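In case you want the letters, here they are:
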Amino acid sequence: MGFLNNTTITIDAVLTKRGRELLARGKNEFAVTKFSIADDEIDYRLWDTSHPNGTNYYGSVIENMPLLEPVSDETQVMKYKLVTLSKETSRLPILQVAISSLNFTQGGGNGELLAPGTMNSTDSEQGYTFIIHDTTVATLQVATAAPSPSAPLAAVTLSDEELTQSQNVSGLTARVLPQVFATPDQKSTQITIVGNQTGATTTVTVVVNKTSLGSPTSGVTKQK
Amino acid sequence: MALSGTFKLFDAENDVVRNIKSTISSGIWSTGVNTLSTAYSQSAQSSSTGLYYYDIYKTSPATDSEAEIQYSITYGHLHGSGSLGTVGAATGNRASAAIHAQLVNLVLGPNVEKFTYAGDTTSKHFYAISLKRARMRERLDPGNWELWLDSGANLVKLIDDSGATTNPTSGIGGTVFNVVSGSIQSGTASTKTAAASQGGGGIGLFYPDLGLIVLNADQMDSLVADITTVTTSDTLGGNVPRFFDSIVQGAKFQARREERLSSTHFFCRAGNKEFNFSNNPTFFTSSDGTFTQPTFFKDPKTYITTVGLYNDANELLAVAKLSQPVLKSYSREALIKVKLDF
């Protein structure tokens, strides 16, 4: 009779850049209250149901792979979070947005409404986090607040430059407002939408064209 | 409490253990070794700061561009003897007086002008070893250093008496121990002559918090044949180079550093019904959300690779990675202790 391994897995954490920043401000600013778990680096297509040794070995390729060390850039880790759903779930949540890309001309009226929906699940209680990666192209405004609003999730994968220009808002729907700029003639960016309950993610492309003097055109064209 | 979806709140009572103190010790010298058998100085330094102190390297800075300073050695005299300059003179910066005043000011109380060693012995001059801060980090580990000085055909082996001291002295310079002759080669300190029994008074003082070893120059003259301290006024005595030569010939400086870490442990508990699905794009198809592995229906399997610690604003403050993926399913729970050092 062998011994069961009941040891706790112990791992060392590294502070992210944001964590260091808050720690430097004082201990009250650094308050860990919750955790999340991710499976970055895992490719479930390696799950091998034809393994000759049987079910216990279906995941052996995944289970024996080494993992990379953590990095302190919070935008490069925790990309794919594990999520708690009902056992009966047969399909994973997928975010759907009627508009996959937005094309504005500068001063495009009241902007455009983004109203995502969650297929196979719901984010209707806590809403969605809308992250625009470059606020010199467009900004975001909450149009409909969520019944139990969640704080916006941190940006998912943004560069340092984008972080300084990004904007996060949280709600059921959000309005995209194009910005005015002198140069260049066209600017584009992306909006990442994350379900606050399900963690499901989708992106919308935003393009804003500079208005030529004397041009009567303004407004938005949608691409479905 | 499980939040819907991707986060789980910590139970502050049961899941978070704060302020766990631990002491970490390690080899103090470059590349983490605990023994230096070589010592090099930098020739270019002798024309500038070399009048005050010598920086000591593990490898020769003349041939190794990555040579790092390990410690510095210096000589101080109450009246500036052994260095150029006198009070009121236009030339000479009285280097040994400056060094003496500097260390006295740092580690002794007000209105004290000389170091007092075991046996209530005072001396007007000293040799000192100051560990580089980057090497020492927080403090030099008491009872775990040994310095050999060459003395003709013999070696003078110096250690501290922390192992034999149950009530160490503590003052402005922090905790202080006596420097005694002895060895730590057996794993524990073996004192040859106790500080109180040392003829001529104590050999020196050891300040672990400052990484400073002050050696009574009178005793160095007496014990170390290679050191003959020049105490002539307004004279470049070359005392630091002679002390350096004795260290080079002794060819052994063993030491450890010590750090006290404050840690917080977060127990991340993933219950059997939690975290069994994934937003990983290889976990489901993008068209309709069905599993890429049909066997995952009603029996999903996920793999834990990363744990993120968040604040109320959903900002990722710390992240930890496992060495290998850990399987999670409805039939398995995971308890991961995340240790965060400050």
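Located above this text is the structure these notes cover.
Being a predicted model, the structure only gives us computed values, none of them experimental. (Residues numbered from 1 in each chain as written. Chains lettered and ligands numbered in written order. Predicted model: local features only at pLDDT ≥ 70, side-chain atom pairs only at ≥ 80, totals over all residues. Heavy atoms only, no water.)

1. So, the interface of chain A and chain B
Okay, so step 1: In this assembly, 72 residues from chain A lie in contact with 72 residues from chain B.
Okay, so step 2: Taken together, the two surfaces of chain A and chain B that pack against each other cover about 6,900 Å², and 60% of this comes from carbon and sulfur.
Okay, so step 3: Three residues, K34, F35 and Y44 of chain A, lead the burial of chain A against chain B; their summed loss comes to 13% of the area buried on that side.
Okay, so step 4: Summed over the shared surface of chain A and chain B, the result is five salt bridges.
Okay, so step 5: Residue D288 of chain B is joined to R91 of chain A by a salt bridge in which the shortest nitrogen-to-oxygen separation is 3.0 Å. (Contact = heavy atoms within 4.5 Å. Buried area = accessible area lost by both parts, 1.4 Å probe. Salt bridge = Lys/Arg side-chain N within 4 Å of Asp/Glu carboxyl O.)

2. Overview of empty space enclosed by the protein
Residue and element names in this part refer to chain B.
Okay, so step 1: Per the counting criterion, the structure on display carries one cavity of 30 Å³ or more.
Okay, so step 2: Considering only enclosed or pocket space, the largest cavity measures out at about 40 Å³ in volume.
Okay, so step 3: Along its surface, the largest cavity is lined by L36, T38, A39, Y71, I247, A251, K252 and F253.
Okay, so step 4: Residue classes in the lining of the largest cavity are distributed as six nonpolar, one polar and one charged. (1 Å grid on protein atoms, 1.4 Å probe; cavity = no way out; pocket = protein on both sides within 12 Å on 5 of 7 lines; lining within 4 Å. Points joined across faces, edges and corners; volume = space filled by probe spheres on them. Nonpolar A, V, L, I, M, F, W, Y, C, P; charged D, E, K, R; others polar.)

3. Overview of the side chain of D15 of chain B
All names here are of chain B.
Okay, so step 1: Among the secondary structure elements, D15 is positioned in the loop between β1 (7–9) and β2 (16–27).
Okay, so step 2: Only 2.7 Å separates the side chain of D15 from the side chain of R269, close enough to count as a polar contact.
Okay, so step 3: When residues no more than four places from it in sequence are discounted, the contact partners of D15 are L9, F10, H265, F266, F267 and R269. (Helix = DSSP H or I, 4+ residues; strand = E, 2+ residues; numbered from the N terminus. Polar contact = N/O pair within 3.5 Å; in protein donor to acceptor, adjacent residues only side chain to side chain.)

4. Observations regarding the pairing of strand β2 (residues 34–38) of chain A
Okay, so step 1: Burial analysis of β2 of chain A places five of its five residues in the buried class, which makes it a mostly covered element.
Okay, so step 2: Here β2 of chain A shows two buried faces, one formed by K34, S36 and A38 of chain A and the other by F35 and I37 of chain A.
Okay, so step 3: Both β2 of chain A and strand β20 (residues 301–310) of chain B contribute to a ladder of five bridges, which runs antiparallel. Within the sheet, the bridge partner assigned to K34 of chain A lies in β20 of chain B and is Y310 of chain B.
Okay, so step 4: Relative to β1 of chain B, β2 of chain A runs antiparallel, the two sharing three bridges. Paired with K34 of chain A across the two strands is L9 of chain B, which belongs to β1 of chain B. (Buried < 20%, exposed > 50% of the residue type's maximum accessible area, 1.4 Å probe, protein only. Pairing = 2+ DSSP bridges.)

5. A word on the sheet that holds strand β11 (residues 173–178) of chain A
Residue and element names in this part refer to chain A.
Okay, so step 1: Judged by pairing direction, the sheet is antiparallel, and its three strands sit side by side in the order β6-β11-β9 without closing on themselves. Edge positions in the sheet fall to β6 (112–114) and β9 (138–144), since each of these pairs with one other strand and no more. Neighbour-to-neighbour, the strand axes of the sheet open up by a mean angle of 30 degrees, direction not taken into account. (Axes fitted to C-alpha atoms, helices over the stretch in contact; angles between N-to-C directions.)

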